[in-house]
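Listed below are the residues making up each chain.
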Amino acid sequence: MPATDIALPVGRIPRVGLGTWQLRGSAARTAAEAALQVGYRHIDTATMYQNEAEIGAALTASGLARDEVFLTTKIPAERISDARRVLEDSLSALGVDTVDLWLAHWPPPDIVGAWQAMRKLRDEGLARAIGVSNFDPAQIDELITATGEAPALNQIRWSPSDFDSSRLEHSRSRGVVLEGYSAFKSGALTSPAVVDIARSLDRTPAQVVLRWHIEHDVVVIPKSSKPERLASNFDVFDFGLSADQVARIDALAR
Ligand SMILES: NC(=O)c1ccc[n+]([C@@H]2O[C@H](COP(=O)([O-])OP(=O)(O)OC[C@H]3O[C@@H](n4cnc5c(N)ncnc54)[C@H](OP(=O)(O)O)[C@@H]3O)[C@@H](O)[C@H]2O)c1
């Protein structure tokens, strides 16, 4: 069985985190509290989600120590010229001194300039690790060529229908952890192959899709507002998929 987390240049990222896009106000706080109660130790937010204060409140209410929970937030591309203020506002809303991972939410026009600005703030300690989101392989390589430093992680849309072995290989060869979002939004939960595998393992289709991410070393951040789904989405560490089952799901790529 793979470990429940993956190494980053600094620290380790839990393989399953809570996605929080579209969770606002008390719904965000309630979901984050419920997730922390059932064992999640990784929460994904963003300046754009406008729920950092609620995530911070949930963290405080949990009673967990700061270093027990991995926090990711993201800067909107068009605010990169104001990076310091954006990150300081995130830290203040979250009620923490540093985030574990800070991502460029999508590529800004000057990706190298943005990367330099993020590296500087990371070096000052405002973020432990930095990375990107929605970058393509050529953009990752451009950052490496220009600065000698690869992003710790790239967060991209990833589900069975997005499966792309060359993308996985590119990330692996550059030492960039791949993190997938919108795992459930591609129709995989109703795909006959996933439903069939789930039935054979006495698991839910969602658990099979999440486990498929784990088998490929892709970090995954499912979002749910429902306590029972939050719990079952995290209950994916005591079973595995066979190589044949993984291959059947890989084959769902469009
Ligand atoms: N970097 C980016 O550009 C980017 C873009 C999109 C998302 N993200 C991040 O990735 C996270 C996840 O992506 P996402 O929110 O787009 O989609 P997702 O997690 O794939 O899917 C969420 C949807 O699936 C439902 N769901 C959750 N668990 C389920 C289960 N066990 N069975 C059936 N349905 C289930 C949820 O409904 P209920 O809430 O009703 O359970 C919700 O409608 C986001 O929350 C955000 O943190 C990042």
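Above this note sits the structure.
These lines cover the structure that appears in this document, whether it is placed above or below. Quantities reported herein were computed from a predicted structural model and do not represent experimental measurements. (Residues numbered from 1 in each chain as written. Predicted model: local features only at pLDDT ≥ 70, side-chain atom pairs only at ≥ 80, totals over all residues. Heavy atoms only, no water.)

General note: in soluble globular proteins, nonpolar side chains tend to be found buried as a group. Leu71, Val99, Trp102, Trp158 and Leu241 are the most contacted members of the largest nonpolar core, which has 66 residues in total. Other than its neighbours up to four places away in sequence, Val99 contacts Arg66, Leu71, Thr73, Leu87, Leu91, Leu94, Leu126, Ala127 and Arg128. (Core = buried A, V, L, I, M, F, W, Y, C linked by side-chain atoms within 4.5 Å. Buried < 20%, exposed > 50% of the residue type's maximum accessible area, 1.4 Å probe, protein only. Contact = heavy atoms within 4.5 Å.)

Next up on the list: the packing of helix H8 (residues 205-215) against helix H10 (residues 243-250). Geometry of a packed helix pair, given as the angle between the helix axes and the separation of the axes. Two numbers describe how H8 lies on H10: the axes approach to 11 Å, and their chain directions differ by 105°. Considering the angle they form, H8 stands roughly perpendicular to H10. Residue-level inspection shows Val208, Trp212 and Glu215 of H8 in contact with H10, the latter providing Val246, Ile249 and Asp250. (Axes fitted to C-alpha atoms, helices over the stretch in contact; angles between N-to-C directions. Helix = DSSP H or I, 4+ residues; strand = E, 2+ residues; numbered from the N terminus. Parallel < 35°, antiparallel > 145°, perpendicular 65-115°, else oblique.)

Its boundaries defined by the atoms lining it, the largest pocket holds a volume of some 650 Å³. Lining of the largest pocket is provided by 31 residues; of these, Ser182, Lys185, Ile221, Pro222 and Lys223 occupy positions nearest its centre. Of all the secondary structure elements, the ones that give two or more residues to the lining of the largest pocket are strand E9 (177-181), H8 and helix H9 (227-234). Residue classes in the lining of the largest pocket are distributed as 12 nonpolar, 14 polar and five charged. (1 Å grid on protein atoms, 1.4 Å probe; cavity = no way out; pocket = protein on both sides within 12 Å on 5 of 7 lines; lining within 4 Å. Points joined across faces, edges and corners; volume = space filled by probe spheres on them. Nonpolar A, V, L, I, M, F, W, Y, C, P; charged D, E, K, R; others polar.)

The next thing to look at is helix H1 (residues 25-38). In this model, H1 (14 residues) spans 21 Å end to end at C-alpha, consistent with the 20 Å of a helix rising 1.5 Å per residue. Among the residues of H1, Ala28, Ala31, Ala32, Ala34, Ala35 and Leu36 are the ones counted as buried. Structurally, H1 contributes buried residues whose contacts are with strand E3 (18-19), strand E4 (42-44), helix H2 (52-62) and H9. Just downstream of H1, Gly39 is the residue with a positive phi angle, here 120°. (Expected span 1.5 Å × (residues − 1).)

Take the environment of Glu33 next. As for its placement among the helices and strands, Glu33 is situated in helix H1. Along the primary structure Glu33 and Ala58 are separated by 25 residues, whereas in three dimensions their C-alpha atoms are 5.0 Å apart. In contact with Glu33, other than residues within four places in its own chain, are Ala58 and Ala61. At 2.6 Å, the side chain of Glu33 forms a polar contact with the side chain of Arg29. (Polar contact = N/O pair within 3.5 Å; in protein donor to acceptor, adjacent residues only side chain to side chain.)

It is worth spelling out the side chain of His105 at this point. Within the element layout of this structure, His105 appears in the loop between strand E6 (99-104) and helix H4 (111-123). You can call His105 buried: its relative accessible area is 7%. Residues contacting His105, with those up to four places away along its chain left out, are Ala46, Met48, Tyr49, Lys74, Ile75, Pro76, Ser133 and Asn134.

The next subject is the site of the ligand. Neighbouring the ligand are 25 residues; Asp44, Ser182, Phe184, Ser224 and Lys226 lie closest to it. At 2.8 Å from an oxygen atom of the ligand is found a main-chain nitrogen or oxygen belonging to Phe184. Computed on the free molecule, the ligand has an accessible area of 910 Å², of which 85% lies beneath the protein chains in the complex. Put simply, the ligand lies in the largest pocket. (Near = heavy atom within 4 Å. Areas by Shrake-Rupley, 256 points an atom, 1.4 Å probe, with all protein chains shown as cover. Sits in = over half its atoms within 2 Å of the grid points.)

With that out of the way, let us pick up the packing of aromatic side chains. Tallying each qualifying case throughout the model produces five aromatic pairs. With a centroid separation of 6.5 Å and an interplanar angle of 15°, the aromatic rings of Trp158 and Trp212 are classed as stacked. Taken together, the residues Trp158 in the loop between strand E8 (153-157) and helix H6 (165-174) and Trp212 in helix H8 connect sequence positions 54 residues apart. Across the pair, exposure class does not vary: Trp158 and Trp212 are buried alike. Above the plane of the ring of Phe239 lies Arg211, whose end atom (NZ or CZ) is 5.9 Å from the centre. (Phe/Tyr/Trp six-rings, centres within 6.5 Å; stacked < 30°, edge-to-face > 60°. Lys NZ or Arg CZ within 6 Å of the ring centre and 35° of its normal.)

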